[in-house]
Amino acid sequence: KFRTALEQLSEIRPAPDKEAPAFQPDGDIILVDEAAGVVRINLGSEDRVYQGLTFSVYDSGGAIPRDGKPKAQVEIFAIDPKISAARVLSSDRRNPIATGDRVANLIWDATQQHQFIVVGDFDVNGDGQSDYDGVTKIEALIQKWGGAVAHEVTALTDYVILGAEPRVPTEPTTDVLTADPTARERYDAAKARNERYQQIRTQAEKLCIPIFNYD
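Calculation rules
Residues numbered from 1 in each chain as written. Predicted model: local features only at pLDDT ≥ 70, side-chain atom pairs only at ≥ 80, totals over all residues. Heavy atoms only, no water. Patch = residues over 30% accessible without salt bridge, like charges linked within 9 Å, V, L, I, M, F, W, Y side chains within 5 Å. Areas by Shrake-Rupley, 256 points an atom, 1.4 Å probe, with all protein chains shown as cover. Salt bridge = Lys/Arg side-chain N within 4 Å of Asp/Glu carboxyl O. Helix = DSSP H or I, 4+ residues; strand = E, 2+ residues; numbered from the N terminus. Pairing = 2+ DSSP bridges. Axes fitted to C-alpha atoms, helices over the stretch in contact; angles between N-to-C directions. Phe/Tyr/Trp six-rings, centres within 6.5 Å; stacked < 30°, edge-to-face > 60°. Buried < 20%, exposed > 50% of the residue type's maximum accessible area, 1.4 Å probe, protein only. Polar contact = N/O pair within 3.5 Å; in protein donor to acceptor, adjacent residues only side chain to side chain. Contact = heavy atoms within 4.5 Å. Core = buried A, V, L, I, M, F, W, Y, C linked by side-chain atoms within 4.5 Å. Right-handed = clockwise from strand over helix to strand, strands pointing away. Expected span 1.5 Å × (residues − 1).

S.K.: Would you explain a nonpolar patch on the surface in this entry?
M.R.: Taken together, the side chains of I30, L31 and I83 make up a nonpolar region of the molecular surface, amounting to roughly 240 Å² of accessible area. For L31, the location among the structural elements is in strand 1 (residues 27–33).

Shown next, in the form of C-alpha cells:
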C-alpha cells in the first residue's frame, strides 16, 4: 500500500530537482564600467569572496542553463565587506553585461563547502585528446574555488564530475608481452581505472548524487 501511494504521489508531484542548489545565482551585477572592463558585484568579504574567484554571468531575466554556459566571465580583484570589483575576462558584444545580471559559480558557495569527486578522462586543453593530468587540473580548480575533493563516494559527497569512460585496450597476448613486457602493466592500470569509473558512477546514481560533466 505504501509503495502504491508513493507511485500515485509521484504522478501528481514531480520529484525534487537534486541539481537545483548548484544552479542558484550567487549574486548580482550592480554596476558596469564598460570602458574599464570592470563590474561591481553585491558580494564581499562578509560572503567569503576572495581575490581570484571567478564568476559566470547570466542574463537577469533567465535561469542558469543546465550546461552552465554563461554570457561572460569575471574575476574578483578588489573586495569590500559587502561589494567586490571584478575584471571582465570574456564577454559577448552581442549580449553585453548589464546591471541586474546574475553571477554564479557552480562550485563556490557562500554558506558551505561542497565535496566533489572527479573521475574519468578529460580534455581540459581542448586539443581533442584526453589529458594525462586532467583529473588533477580539475581538482585544483575545485579547490581554488573553495570546494573540497574526495576520492570515494559517501553520504558527504555533494557532486560527481564525470569525464569520458577510460578506454581499456585489448588484453595483451603472449606474443605482445614477449615484445613488450610493460603491456600487461598498462592493461591492468587501464582496467583498474575503468572499474573505478564504473564503481563511482554506479554509487553516485544509487545515492542520487548529482553528476556533472566537465562543461
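Let's pick the thread back up.
S.K.: Where do I start with the sheet that holds strand 6 (residues 102–104) in this structure?
M.R.: Strand-to-strand pairing in sheets goes through backbone hydrogen bonds, with the strands running parallel or antiparallel. Strand order in this closed barrel of six strands is 1-2-5-4-3-6, and the pairing throughout is antiparallel. Averaged over neighbouring strand pairs, the angle between their axes works out to 45° when direction is ignored. Summarising the sheet, strand 1 and strand 6 pair through two bridges and their orientation is antiparallel. Counted as the bridge partner of D28 is R102 from strand 6.

S.K.: Got a minute to help me understand the packing of aromatic side chains in this structure?
M.R.: To describe a pair of aromatic rings, one takes the distance between the centres and the angle between the planes. Under the defined criterion, the tally for this structure stands at four aromatic pairs. Taking 5.4 Å as the distance between ring centres and 85° as the angle between the ring planes, the aromatic pair formed by F55 and W108 counts as edge-to-face. Note that F55 is positioned in strand 3 (residues 54–58) and W108 in the loop between strand 6 and strand 7 (115–119), a separation of 53 residues in sequence. Of the two residues, F55 and W108, neither departs from the other in class, the shared state being buried. Aromatic ring contacts, followed pair by pair, group F116, Y159 and F212 into a single cluster.

S.K.: Where do I start with the pattern of salt bridges in this structure?
M.R.: Side chains that carry opposite charge are capable of pairing whenever their charged atoms lie near each other. One pass over the full model with this rule turns up twelve salt bridges. D121 is paired through a salt bridge with R193; the nearest N and O atoms lie 2.5 Å apart. Taken together, the residues span a long stretch of sequence, with D121 in the loop between strand 7 and helix 2 (134–144) and R193 in helix 4 (residues 183–206) at a distance of 72 residues. Residue D121 is classed as buried on the basis of its relative accessible area, which comes to 18%.

S.K.: Help me out: how do you make sense of the side chain of S56 in this one?
M.R.: Along the polypeptide, S56 turns up in strand 3. Among the polar contacts listed, one links the side chain of S56 to the side chain of Q73, at a separation of 3.1 Å. Excluding residues within four positions of it along the chain, S56 makes contact with P70, A72, Q73, R102, V103 and A104.

S.K.: What exactly am I supposed to notice about the nonpolar core here?
M.R.: Note that soluble globular proteins tend to have their nonpolar side chains buried in a common cluster. Membership of the largest hydrophobic core comes to 29 residues, with the highest contact counts inside it found for I41, F55 and V74. Sorting the residues of this core by element identifies strand 2 (38–41), strand 3, strand 4 (72–79), strand 6, strand 7, helix 2 and strand 9 (159–162) as the ones contributing at least two each. Apart from residues lying up to four places away in sequence, V74 is in contact with V39, I41, L53, T54, F55, V57, A86, R87, V88, L89 and I97. Counting residues in each nonpolar core, the second largest holds ten residues, with A150, V160, A204 and I209 among its members.

S.K.: Sorry, what's going on with the pairing of strand 7 here?
M.R.: Side-chain direction in a regular strand flips from residue to residue, so the side chains alternate between the two faces of the sheet. Most of strand 7 sits out of view: five of its five residues are buried. Both faces of strand 7 are covered, namely the face carrying Q115, I117 and V119 and the face carrying F116 and V118. Regarding the hand of the β-α-β motif, the stretch spanning strand 7, helix 2 and strand 8 (residues 148–150) is right-handed. Two elements, strand 7 and strand 9, share four bridges in a ladder whose sense is parallel. Note on strand 9: the bridge partner recorded for V119 is L162.

S.K.: Teacher, can you tell me more about helix 4 here?
M.R.: Helical periodicity: at 3.6 residues per turn, an α-helix aligns residues three or four positions apart in one direction. With 24 residues, helix 4 ought to run about 34 Å at 1.5 Å a step, and its terminal C-alpha atoms sit 35 Å apart, in line with that. Among all positions of helix 4, only A183, Y187, A190, N194, Y197, I200 and A204 are buried. Where helix 4 is buried, its residues meet strand 7, strand 9, helix 3 (174–179) and strand 10 (211–212). Phi turns positive, to about 60°, at C208, one or two residues after helix 4.

S.K.: I'm lost on unusual backbone geometry in this one. Help?
M.R.: The bulk of non-glycine residues show a negative phi, and the bulk of peptide bonds are trans. For R48, which is not glycine, the phi dihedral falls at a positive 70°. Considering the arrangement of structural elements, one finds R48 in the loop between strand 2 and strand 3. What makes R48 partly exposed here is its relative accessible area of 42%. Phi at C208 takes a positive value of approximately 60°, unusual for a residue other than glycine. Structurally, the position occupied by C208 is in the loop between helix 4 and strand 10. Since its relative accessible area comes to 43%, C208 is described here as partly exposed.

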